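Understanding the architecture of this molecule
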Amino acid sequence: MAVIEQTPPIVAPPSTTGPKKGWRKYWHLYAAISPFYLIFLGFGLFPVGFSLYLSFHRWDGLGSMEWAGLSQYQYLLSDSDFWNSIGNTIIIWALATFPMIFLAMVTAVMLNSAVRFKNVYRFAYFLPNVTSVVAIAIVFGSIFSTNFGMVNAVLEAVGIDQVAWLNTPWGIKVTIAALMTWQWTGYNAIIFLAGLQTVPSELYEAARVDGANPIQTFFRITLPLLRPTLLFVLVVSTVTGLQSFSEPQVLLQTSSNDSTFAGGPGHSGQTMVLYFFQQTFDNNDFGYGAAVAWGIFLVVVIFSIINWRLVQRRGD
């Protein structure tokens, strides 16, 4: 009986390239991606860390820092102006976000069913989002002007008294919300349109065969399949809406020389970021401004989580 000899397995010799030599071998690849990380470190991560450090100090931007501990956060919790800015921001966000999402959804459905000039419509609806916020705010300030505004002219034409939009608490909030709605409706309509185009057409054909009308098709097919897109739009709208600054700043003509008037009469349009700007750059209180910034961050995170959970629960 023949004996088959088995050759021992060949073991590769240990690599002579240590970690230092391997790093040197790929240094050009690391150098190619390093600009992003260096820029992020200098203009992203470092300012965030420094703002957290600054929130525990009192500093006017020029002199030496003075350790304050948690006293600025304790004052923040009892600051009535900060809580007023939170309330204003939430109201403006609600007045702007829900109509905007509805209009964006309707616009996306119309764009999805359009046959001709689709690209022209998409460009027209997206244009407000790339227009300067300052320019938009100036135009809306003229439209909602008390004496010569277009909105009041229309109200007078139908027999309704004029409204001092930029001089009353709810008028200020409605004006800012209308500006934000006009600015973001087209952008979110394009997002919804992208989601609509991922829905298989076979589902709509099967629904028509089963006798479903357009409303039933929308609520039973389109809307459930658009849940991830709706979640994205809602979270992004929450983050951007709760950080509104340029709209009230330009509409209400807030200046550093009139910080007591920030946000209009009664601070009705004073958003959280506008209050942060006032404390930091008008009052030169950089330490407390950093504490306000972290308070804003916490509010945005909480509302984003709430919106995410609500959308997820409705989809279950």
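Given the structure is predicted, the values throughout are model-derived calculations rather than measurements. (Residues numbered from 1 in each chain as written. Predicted model: local features only at pLDDT ≥ 70, side-chain atom pairs only at ≥ 80, totals over all residues. Heavy atoms only, no water.)

1. Concerning the overall build of the protein chain
If you tally the helices and strands in the protein chain, you get 14 helices and two strands. Considering the protein chain as a whole, with its 316 residues, one finds that 35% of them fall into the buried category. When contacts within the protein chain are restricted to residue pairs at least 6 apart in sequence, long-range pairs at least 24 apart make up 66% of them. Accessible surface for the protein chain amounts to roughly 19,600 Å². Of this, 68% is attributable to carbon and sulfur atoms. (Helix = DSSP H or I, 4+ residues; strand = E, 2+ residues; numbered from the N terminus. Buried < 20%, exposed > 50% of the residue type's maximum accessible area, 1.4 Å probe, protein only. Contact = heavy atoms within 4.5 Å. Areas by Shrake-Rupley, 256 points an atom, 1.4 Å probe, with all protein chains shown as cover.)

2. A few points about a nonpolar patch on the surface
Side chains of Tyr26, Leu29, Tyr30, Ile33, Phe36, Tyr37, Phe40, Leu41 and Leu45 sit close together on the surface and give an oily, nonpolar patch of about 970 Å² of accessible area. Take Leu45: it is sitting in helix α2 (residues 27-54). Judged by its relative accessible area of 47%, Leu45 falls in the partly exposed class. (Patch = residues over 30% accessible without salt bridge, like charges linked within 9 Å, V, L, I, M, F, W, Y side chains within 5 Å. Salt bridge = Lys/Arg side-chain N within 4 Å of Asp/Glu carboxyl O.)

3. A few points about the packing of aromatic side chains
The final tally for this structure, using the stated rule, is 21 aromatic pairs. Ring geometry for Phe82 against Tyr275: centres 6.3 Å apart, planes inclined by 45°, an arrangement best described as tilted. Note that Phe82 is positioned in helix α4 (residues 80-113) and Tyr275 in helix α13 (residues 272-282), a separation of 193 residues in sequence. Classification of Tyr275 by relative accessible area gives buried; the value is 2%. Ring geometry for Trp294 against Phe297: centres 5.5 Å apart, planes inclined by 75°, an arrangement best described as edge-to-face. Taken together, the residues Trp294 and Phe297, both in helix α14 (residues 286-315) and three residues apart, mark about one turn of the helix. The ring of Trp170 is capped by Lys173, whose NZ or CZ atom sits 5.9 Å from the centre of that ring. (Phe/Tyr/Trp six-rings, centres within 6.5 Å; stacked < 30°, edge-to-face > 60°. Lys NZ or Arg CZ within 6 Å of the ring centre and 35° of its normal.)

4. Section: the confidence of the model for the protein chain
Any region with low pLDDT has predicted coordinates that should not be read closely. When the pLDDT values of the protein chain are averaged, the result is 83; 87% of them are 70 or greater. For the protein chain, helix α1 (residues 19-25) is the element with the lowest average pLDDT, namely 64, and helix α3 (residues 71-78) is the one with the highest, namely 92. (pLDDT = per-residue confidence, 0-100.)

5. A closer look at the environment of Ser244
Within the secondary structure layout, Ser244 lies in the loop between α11 (227-241) and α12 (246-251). The buried category is assigned to Ser244, whose relative accessible area is 4%. Residues Ser244 and Leu274 lie 30 residues apart in sequence; the distance between their C-alpha atoms is 7.8 Å. Dropping the residues within four chain positions of it, Ser244 is found in contact with Met180, Thr271 and Val273.

6. Quick word on the nonpolar core
One finds Phe140, Ile176, Leu179, Met180, Leu251 and Leu252 to be the most contacted residues of the largest nonpolar core, which totals 16 residues. For this core, the elements supplying multiple residues, two or more each, are α4, α6 (133-143) and α8 (169-196). The dominant element in this core, judged by the number of residues it contributes, is α8, at five residues. In contact with Leu252, not counting residues within four places along its chain, are Leu166, Ile172, Gly263, Gly264 and Gly269. (Core = buried A, V, L, I, M, F, W, Y, C linked by side-chain atoms within 4.5 Å.)

7. Focus: α11
Between its first and last C-alpha, α11 extends 20 Å over 15 residues, near the 21 Å set by a 1.5 Å rise per residue. Of the residues making up α11, those classed as buried are Thr229, Leu231, Val233, Leu234, Ser237, Thr238 and Gly241. (Expected span 1.5 Å × (residues − 1).)

8. Structural notes on α4
Taking 1.5 Å of rise per residue, 34 residues should cover 50 Å, and α4 covers 50 Å from first to last C-alpha, within 8% of that figure. Between the side-chain oxygen of the N-cap and the backbone nitrogen of Asp81 there are 3.1 Å, and the N-cap of α4 in question is Asp79. (Polar contact = N/O pair within 3.5 Å; in protein donor to acceptor, adjacent residues only side chain to side chain.)

9. Some thoughts on unusual backbone geometry
For Asn284, which is not glycine, the phi torsion reads 55° and is therefore positive. Secondary-structure assignment places Asn284 in the loop between α13 and α14.

10. Thoughts on the packing of helix α5 (residues 118-130) against α8
Where α5 contacts α8, the two axes come as close as 6 Å, and the packing angle between them is 135°. Taken together, the axes of α5 and α8 are oblique relative to one another. For the crossing formed where α5 meets α8, the hand is left-handed. Along its contact with α5, which presents Arg122, Tyr125, Phe126, Pro128 and Asn129, the element α8 presents Trp182, Gln183, Trp184, Gly186, Tyr187, Ile190 and Leu193. (Axes fitted to C-alpha atoms, helices over the stretch in contact; angles between N-to-C directions. Parallel < 35°, antiparallel > 145°, perpendicular 65-115°, else oblique. Left-handed = near helix turned anticlockwise from the far one by under 90°.)

11. Some details on the packing of α3 against α4
Following both chains from N to C, one finds α3 and α4 inclined at 60°, their axes separated by 5 Å at the closest point. The orientation of α3 with respect to α4, classified from their angle, is oblique. For the pair formed by α3 and α4, the contact residues are Leu76, Leu77 and Ser78 on the first element and Ser80, Phe82 and Trp83 on the second. In terms of residue class, the contact of α3 with α4 is made up of four nonpolar, two polar and no charged. (Nonpolar A, V, L, I, M, F, W, Y, C, P; charged D, E, K, R; others polar.)

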